[in-house]
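Structural features, examined
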Amino acid sequence: MFANVDWADIGKATIDTLLMLGGSLALTVILGVPLGVLLYLSGKGRLAANPVLNAVLSFVVNVLRSVPFIILLIVMLPVTVLLVGTSLGVAGAIPPLVVGAAPFYARLVETALREVDKGVVEATQAMGGSTFQIVTRALLPEALPGIIAGATVTAIALVSYTAMAGVVGAGGLGDLAIRFGYQRFQTDVMVVTVVLLLILVQILQMIGDRLVAKVSHR
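Analysis parameters
- Residues numbered from 1 in each chain as written.
- Predicted model: local features only at pLDDT ≥ 70, side-chain atom pairs only at ≥ 80, totals over all residues.
- Heavy atoms only, no water.
- Axes fitted to C-alpha atoms, helices over the stretch in contact; angles between N-to-C directions.
- Helix = DSSP H or I, 4+ residues; strand = E, 2+ residues; numbered from the N terminus.
- Parallel < 35°, antiparallel > 145°, perpendicular 65-115°, else oblique.
- Left-handed = near helix turned anticlockwise from the far one by under 90°.
- Nonpolar A, V, L, I, M, F, W, Y, C, P; charged D, E, K, R; others polar.
- Expected span 1.5 Å × (residues − 1).
- Bend = angle between axes of the 7 residues up to and from the residue.
- UniProt positions renumbered as here; feature names shortened; annotations may be inferred.
- Buried < 20%, exposed > 50% of the residue type's maximum accessible area, 1.4 Å probe, protein only.
- Polar contact = N/O pair within 3.5 Å; in protein donor to acceptor, adjacent residues only side chain to side chain.
- Contact = heavy atoms within 4.5 Å.
- 1 Å grid on protein atoms, 1.4 Å probe; cavity = no way out; pocket = protein on both sides within 12 Å on 5 of 7 lines; lining within 4 Å.
- Points joined across faces, edges and corners; volume = space filled by probe spheres on them.

Bringing the packing of helix H5 (residues 89-114) against helix H7 (residues 131-165) into the picture now. Where H5 contacts H7, the axes come no closer than 8 Å and their chain directions differ by 150°. Compared by their axis directions, H5 and H7 come out roughly antiparallel. In the packing of H5 onto H7, the handedness of the crossing is right-handed. Of the residues that constitute the contact of H5 with H7, the class distribution is 18 nonpolar, five polar and no charged.

This is how it looks when you write it as structure tokens:
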């Protein structure tokens, strides 16, 4: 049934996918949370309202979110080579993955912050809290379930992005599916890679749901 499947290649491709996912997700969170906070704070009527800054950030975020990832992969090839020295493999996939996912996650963070009860912010202000203290001690802790849920959604989107990255030789399960499953018509390889990606998505969703439930009960 799986005559064309090389399980060693499947194992290596799975590890490559996990490395791409882990590296890009970590960088996406590191960049996306501050960007989301900045979008929130600079909005109209917020703690550090700045219409010009907000407009510029929103424009950049919206542009990057609107570019299809497969096009972003190709457009960023020179930048990727400049940053990491190659456009191939796991290292070559991470820059476009982060650029594609960070703006999306920043919007989710901004949305989570907007849902925080204004009374919490006002109470912290009444106690003389600075903007930094309000963000770190009130906004982020209260928005944590939404931020984690956003990270889960972003991680699942990154799984599909890593599969598409196989088009430009990034490696991983997507690359295997394209080279063997699609180009060589090896259906069994395609089935195995799709099933593994589905399992990965289910695991990510389960972990995310449990983390949200845990922080919500604190």
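On we go from here.
So, on to H7. Taking 1.5 Å as the rise per residue, H7 with 35 residues should run 51 Å; its terminal C-alpha atoms sit only 40 Å apart, a clear shortfall. At leucine 144, H7 shows its maximal bend, which comes to roughly 60°, and the proline proline 145 appears one to four places after that position.

Taken from the UniProt record, the annotation "transmembrane region" (unreviewed entry) applies to residues 20-41, 53-75, 81-105, 147-169 and 189-208. Helix makes up 83% of residues 147-169 and strand 0%, and the two end C-alpha atoms of the span are 32 Å apart. Secondary structure within residues 189-208 divides into 100% helix and 0% strand; the distance between the first and last C-alpha atoms comes to 29 Å.

Turning to the environment of isoleucine 15, a few remarks are in order. With respect to the helices and strands, the residue isoleucine 15 is situated in helix H1 (residues 7-41). Linking isoleucine 15 and proline 68, residues 53 residues apart in sequence, is a C-alpha distance of 25 Å.

This part covers the UniProt feature "domain: ABC transmembrane type-1" (unreviewed entry) in the protein. Under the UniProt annotation, the feature "domain: ABC transmembrane type-1" (unreviewed entry) is placed at residues 14-208. As annotated, residues 14-208 comprises 83% helix and 0% strand, and the C-alpha atoms at either end are separated by 20 Å.

Here arginine 107 lies in helix H5. On the accessibility criterion, arginine 107 (16% relative accessible area) is buried. Separated by 3.2 Å, the side chains of arginine 107 and asparagine 62 make a polar contact. Setting aside residues no more than four positions away along its own chain, arginine 107 makes contact with Leu39, Ser58, Val61, Asn62 and Arg65.

Attention now moves to the layout of surface pockets. A volume near 170 Å³ is recorded for the largest pocket. The residue inventory of the lining of the largest pocket, partitioned by class, reads three nonpolar, two polar and three charged.

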